[in-house]
Structures are given as C-alpha cells and as structure tokens.
Amino acid sequence: QTQYTAIITEVEGRVATITLNRPEALNALSNTLIAELVDAASKFDADPNVGAIIITGSERAFAAGADIKGMLELEYSDVLAGGAFPSWGGIEQMLTPTIAAVSGFALGGGCELAMMCDIIIAADNAKFGQPEINLGVIPGFGGTQRLPRAIGKYKAADMVLTGRMMGAEEAERSGLVSRVVPAAELIDTVKQAAALIASKPLPALYAAKNALQAAEESSLSEGLRVEQIAFQALFATEDQTEGMRAFAEKREANFKHR
Ligand code: CO8
C-alpha cells in the first residue's frame, strides 16, 4: 500500500474511494495532491477488482481550487515550461467509472476536477465556481471547455466571466450535477451508487464509458461508430452470455467481470 500525504484511499468491495485530505487549505490542489490523486486513481483503474472510483473531499470543501499560495511566485517562463503543474495523467480518460461526491466548495480546479468525473453527486451545501478571473487568470484544468459542454454557453460564460459561485440547486437545474442530496446523506448515497455501478459487468462498463466519452469528443457519426463497434465486441464477453442467459432463465446474473 502506497503511503500518501494529501489523500486517503480506501477499498470496500469493488468500490475505491479517494478522499482529498488537506483540511488546512480546503483541499487546495497542491502538486503533491494532484500527483498522489493521479497515482492512486490510475492504480485503481488498472485493477479489475475495482468497478467504480469515488473522489471526495470534506464536508466543508471538495476542493477550493489550485493552490494559490504555490502559484504566487510563478512567472510566465515557469508556467510556459510546463513543469510548474503536474499532469492529470489522463485521469478523465480512465475506463473505470468515477463519481465526484461534492460537499462544500468546488471552486476553480476543484470544480474542474469534479467535471473530470463521470457523475457528480452534490450535497445541498455544495458551491461550484470558476473564480480564477478574480486572480487575474482563467480556468486551466479544462473549465472553459467542460463547463460550456455541461451547462451551455450562456451559463458557462456567466460563471467564468463573473467568477460567481453557483449553489447545488442551480447546479442541478443547469445540468452540472447528476443529483443533489441532503449533506448528511451524501456519502451513503454515493457509496450506494458506486456499489451499484461496480456490480455491473466490467467490460460493458468500460465500453459504455468509452462511448460516452466519444459523445463529448467527436461528431455524431464517429460516435455512433464507436458505439456500434463496442456493442458488437461485447458479444465476445462471458458477461454478455451470462447476463442474457440469466434473464432468459429468470435468475440473478453472476457476472465474472470478463
Ligand atoms: N489555495 C491555497 N489555499 C487556499 C485556497 C486555495 N485555492 N483556498 C483556501 N485556502 C486556504 C486559505 O488561505 C485559508 O488558509 P489560512 O487559514 O492559512 O489562511 C484556509 O484555506 C481556509 O480558507 P478561508 O479562511 O479563506 O475560508 P473561508 O471560509 O473564509 O473562504 C473560500 C472559503 C471562499 C473557498 C476562500 O478560501 C476562497 O476564495 N478560496 C480560493 C478559491 C479560488 O480562487 N480558487 C481558484 C484557484 S485558481 C485555480 O484553481 C486554477 C486552476 C488551474 C491551474 C492551471 C494549471 C495549468
């Protein structure tokens, strides 16, 4: 088991949970935190015994953004060189389904991290925002691209240009979150959703996630082709045979995740 300093990891059944843990800075995304998160997430993604990954923070903050104190002294040449910020390591392209469980602040890089996940479940106290404009910068972890895709051009421009925060109710209405639940029920709800997902046949989960990603990245005809090829390929899996046979035999399927 790797020793992490800025995150806590836990596995229960087929569900892995990564908890951001820098309470002194409202889980600001330091380089160490990002590197540890990417390391843990990629290891879980590579593990066939993990069928869903939860990323969460504390009750007060999912993450209040990139670490502003760590960026204070940076100059253009430092940032341009590319070494100032760690890579997200393609975390959003992992095939294992990810759920962001958001309570409190999800600002800047925190909002962007939530948007790298497949599903966002928010507590009713959640606050989303891209406040970078107040710091003289703009979102740098995908916010200007993922937010308009999630909530449309006009809502996104309102958020990015004013830097204002959006509460959970507005976020749900706008399509930024999948569900809102009372804060006290957040973790239980997310664990139940993750366990339900993780119980599904893994090859189909991977294929579904890959096709959903294609919907964001490509034209309709290309996306439909990705879907078609994946749909056909699933007929080569044991879980497809088992899933359909179980239905016909009116019994519960016993998936092997292969
Ligand atoms: N970075 C570093 N420290 C932080 C951050 C942060 N983003 N957010 C909060 N903290 C620290 C505070 O400095 C404070 O520390 P201390 O007690 O030592 O002074 C502690 O956390 C608690 O925060 P507050 O006292 O401010 O708590 P409040 O409840 O008064 O306010 C807020 C909470 C509203 C969340 C407030 O802390 C805030 O506005 N935080 C900054 C939010 C922000 O601007 N985020 C965007 C950061 S920029 C970004 O994310 C860009 C990402 C892209 C990078 C591009 C790379 C290529």
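The shown structure was predicted, so the numbers you read here are calculated from the model rather than taken from an experiment. (Residues numbered from 1 in each chain as written. Predicted model: local features only at pLDDT ≥ 70, side-chain atom pairs only at ≥ 80, totals over all residues. Heavy atoms only, no water.)

A separate point is the packing of aromatic side chains. As enumerated under the stated definition, the model contains three aromatic pairs in all. Ring geometry for F231 versus F235: centroids 5.4 Å apart, planes at 65°, classification edge-to-face. One aromatic cluster in this structure is built from F85, W88 and F141. (Phe/Tyr/Trp six-rings, centres within 6.5 Å; stacked < 30°, edge-to-face > 60°.)

Taken as a whole and assessed by the stated rule, the structure comprises one cavity of 30 Å³ or more. What the largest cavity holds in volume is close to 40 Å³. For the largest cavity, the full set of lining residues is I55, I91, T98, L113, M116 and C117. Looking at the lining of the largest cavity residue by residue, the class counts come to five nonpolar, one polar and no charged. (1 Å grid on protein atoms, 1.4 Å probe; cavity = no way out; pocket = protein on both sides within 12 Å on 5 of 7 lines; lining within 4 Å. Points joined across faces, edges and corners; volume = space filled by probe spheres on them. Nonpolar A, V, L, I, M, F, W, Y, C, P; charged D, E, K, R; others polar.)

Take the sheet that holds strand β4 (residues 61–63) next. Strand order in the open sheet formed by four strands is β4-β6-β8-β9, and the pairing between neighbours is mixed. The open sheet has two edge strands with one neighbour each: β4 and β9 (165–167). Taken over all neighbouring pairs, the strand axes of this sheet differ in orientation by 20° on average, direction set aside. Relative to strand β6 (residues 105–107), β4 runs parallel, the two being bridged by two bridges. Residue pairing across strands places A63 opposite A106, the latter belonging to β6. (Pairing = 2+ DSSP bridges. Helix = DSSP H or I, 4+ residues; strand = E, 2+ residues; numbered from the N terminus. Axes fitted to C-alpha atoms, helices over the stretch in contact; angles between N-to-C directions.)

For the rest of this paragraph, the subject is the packing of helix α5 (residues 143–151) against helix α6 (residues 153–162). Close contact between α5 and α6 brings their axes to 7 Å; oriented N to C, the two are set at 135°. Here α5 is positioned oblique relative to α6, judged by the angle of their axes. In this structure, the crossing between α5 and α6 has a hand that is right-handed. Contacts from T144, L147, P148 and I151 of α5 reach α6 at K153, K155, A156, M159 and V160. Among the residues making up the contact of α5 with α6, the classes are represented as six nonpolar, one polar and two charged. (Parallel < 35°, antiparallel > 145°, perpendicular 65-115°, else oblique. Left-handed = near helix turned anticlockwise from the far one by under 90°. Contact = heavy atoms within 4.5 Å.)

Ordered by their spatial adjacency, six strands build an open sheet running β1-β2-β3-β5-β7-β10, and the pairing between neighbours is mixed. Of all strands in the sheet, those bounded by a partner on one side alone are β1 (7–12) and β10 (179–181). Averaged over all adjacent pairs, the angle separating strand axes in this sheet is 20°, with direction ignored.

Everything listed here is a matter of geometry and, on its own, says nothing about what the molecule does.
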